[in-house]
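One letter stands for each residue in the lines below.
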Amino acid sequence: MEEAAGERSNLAGVQHIVLVLSGKGGVGKSTISTELALSLRHSGKKVGILDVDLCGPTIPRVFRVQDRDVHQCDSGWVPVFVGQDKSISLMSIGFLLERPDDAVVWRGPKKNALIKQFVADVAWGDLDFLIVDTPPGTSDEHISTVEALRPYKPLGAILVTTPQAVSVGDVRRELTFCKKTGLPVLGIVENMSGFVCPHCSECTNIFSKGGGEELARHAGVPFLGCVPLDPQLSQSLEEGRDFIQEFPKSSAFPALAHITQQILDSASQRSS
């Protein structure tokens, strides 16, 4: 990726930037961000996650690195690395709080300033993918993030919804946000799409089904897939375990692998 501006040269070594968005809270953006990062790592990619959910940072906890500190180097902040191979790097306000239960009670300008600092001052090094985990909505944080990343031409955005009509309606507004800001949409993921019984393999559509796919068809954007409710996935996130490595036979694994492959295909088309 070309160096867009001197003060933002820390992103010069990042090949592809993917934002994970939703108009609705609680639909699983951090889950999709985490599992996409793990799946890309198992595909041999170096991955970073930038957590710009300033009021509800969860990325440090799901990787079990919430006790780590951020250090300074000559080119800025050093991200927190996951695993001995350091193939996943993280940055979040969660690493900057004195106590994990501290609330971030900030007005918009202070939030926007930190997001710009995250984009400019984190020494990511060479990454194949930088995944940006965002808060719900289409407000200050999203505008600041998109504007700060615009010089680096992000690969696009993944929009996450659950099947219910109320969630799909909020994601429809997120599509409008992407259109207004010129952010390409890589596709829509329908999360929590049915519960597959671990004993009999019967699928029960607890939150209805098909809303995300219908929205994608109506909006003319790709539908990346349905991720079912999976107790093993929830457990792995709670315990900071690598779901992709430990549960290849789970019901959610094929869906996450398929989503990852489509992101890899989009990146390959961009590079060719």
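See the structure above.
Values in this document were obtained by computation on a predicted structure and should not be read as measured data.

The rules behind these values
- Residues numbered from 1 in each chain as written.
- Predicted model: local features only at pLDDT ≥ 70, side-chain atom pairs only at ≥ 80, totals over all residues.
- Heavy atoms only, no water.
- Helix = DSSP H or I, 4+ residues; strand = E, 2+ residues; numbered from the N terminus.
- Rg over C-alpha atoms; globule rule 2.2 N^0.38 Å.
- Buried < 20%, exposed > 50% of the residue type's maximum accessible area, 1.4 Å probe, protein only.
- Contact = heavy atoms within 4.5 Å.
- Areas by Shrake-Rupley, 256 points an atom, 1.4 Å probe, with all protein chains shown as cover.
- Lys, Arg positive; Asp, Glu negative; His and termini not counted.
- Charge placed at Lys NZ, Arg CZ, Asp CG, Glu CD.
- Phe/Tyr/Trp six-rings, centres within 6.5 Å; stacked < 30°, edge-to-face > 60°.
- Lys NZ or Arg CZ within 6 Å of the ring centre and 35° of its normal.
- Polar contact = N/O pair within 3.5 Å; in protein donor to acceptor, adjacent residues only side chain to side chain.
- Salt bridge = Lys/Arg side-chain N within 4 Å of Asp/Glu carboxyl O.

(A) Looking closely at the overall build of the chain. If you tally the helices and strands in the chain, you get 9 helices and 11 strands. Against the 2.2 N^0.38 benchmark of 19 Å for 272 residues, the chain shows a C-alpha radius of gyration of 18 Å, consistent with a compact globule. For the chain, the spread of C-alpha atoms along the principal axes amounts to about 55 × 45 × 40 Å. Burial status across the chain gives 52% buried among its 272 residues. Restricting to contacts in the chain with at least 6 residues of sequence separation, those with at least 24 account for 76%. For the chain, the computed accessible surface area is about 12600 Å², with 48% contributed by carbon and sulfur atoms. Counting 26 positive and 32 negative side-chain charges, the chain places the averaged centre of each group 4 Å from the other.

(B) The arrangement of the packing of aromatic side chains in detail. Per the stated rule, a full pass over the model turns up 2 aromatic pairs. Geometrically, the ring pair formed by W77 and F118 is edge-to-face, given 5.8 Å between the ring centres and 65 degrees between the ring planes. Note that W77 is positioned in strand β4 (residues 76-78) and F118 in helix α3 (residues 108-121), a separation of 41 residues in sequence. Here the two residues W77 and F118 agree in accessibility, since each one is buried. On the basis of an interplanar angle of 35 degrees and a centroid distance of 5.8 Å, the ring pair of F243 and F247 is categorised as tilted. Comparing F243 with F247 shows no difference in burial state: the two are buried. Against the face of F81 rests K86, its NZ or CZ located 5.3 Å from the ring centre.

(C) A look at the side chain of S87. Position of S87 relative to the elements: it lies in the loop between β5 (80-82) and β6 (88-92). One polar contact links S87 to D85, side chain to side chain, over a distance of 3.0 Å. In this structure S87 touches R41, K45, K46, V47 and V82, once residues within four positions along its chain are discounted.

(D) Seen up close, the pattern of salt bridges. For the structure on display, the rule yields 9 salt bridges. D170 serves as the salt-bridge partner of K24, at 3.7 Å between the closest nitrogen and oxygen. Here D170 lies in helix α5 (residues 165-181) and K24 lies in the loop between β1 (14-21) and α1 (29-42), a separation of 146 residues in the sequence. Owing to a relative accessible area of 13%, D170 belongs among the buried residues under this scheme. A salt bridge links E239 to R241, with the shortest nitrogen-to-oxygen separation between them at 2.8 Å. When its relative accessible area of 35% is taken as the criterion, E239 is described as partly exposed. Counted as one network, the salt bridges with shared partners bring together K24, D170 and R173.

(E) Quick look at unusual backbone geometry. Phi at R64 is positive, roughly 55 degrees, even though this residue is not glycine. R64 sits in the partly exposed class, given a relative accessible area of 48%. With a phi close to 55 degrees, M192 is a non-glycine residue in the positive phi region. Tracing the chain through its elements places M192 in strand β9 (residues 185-196).

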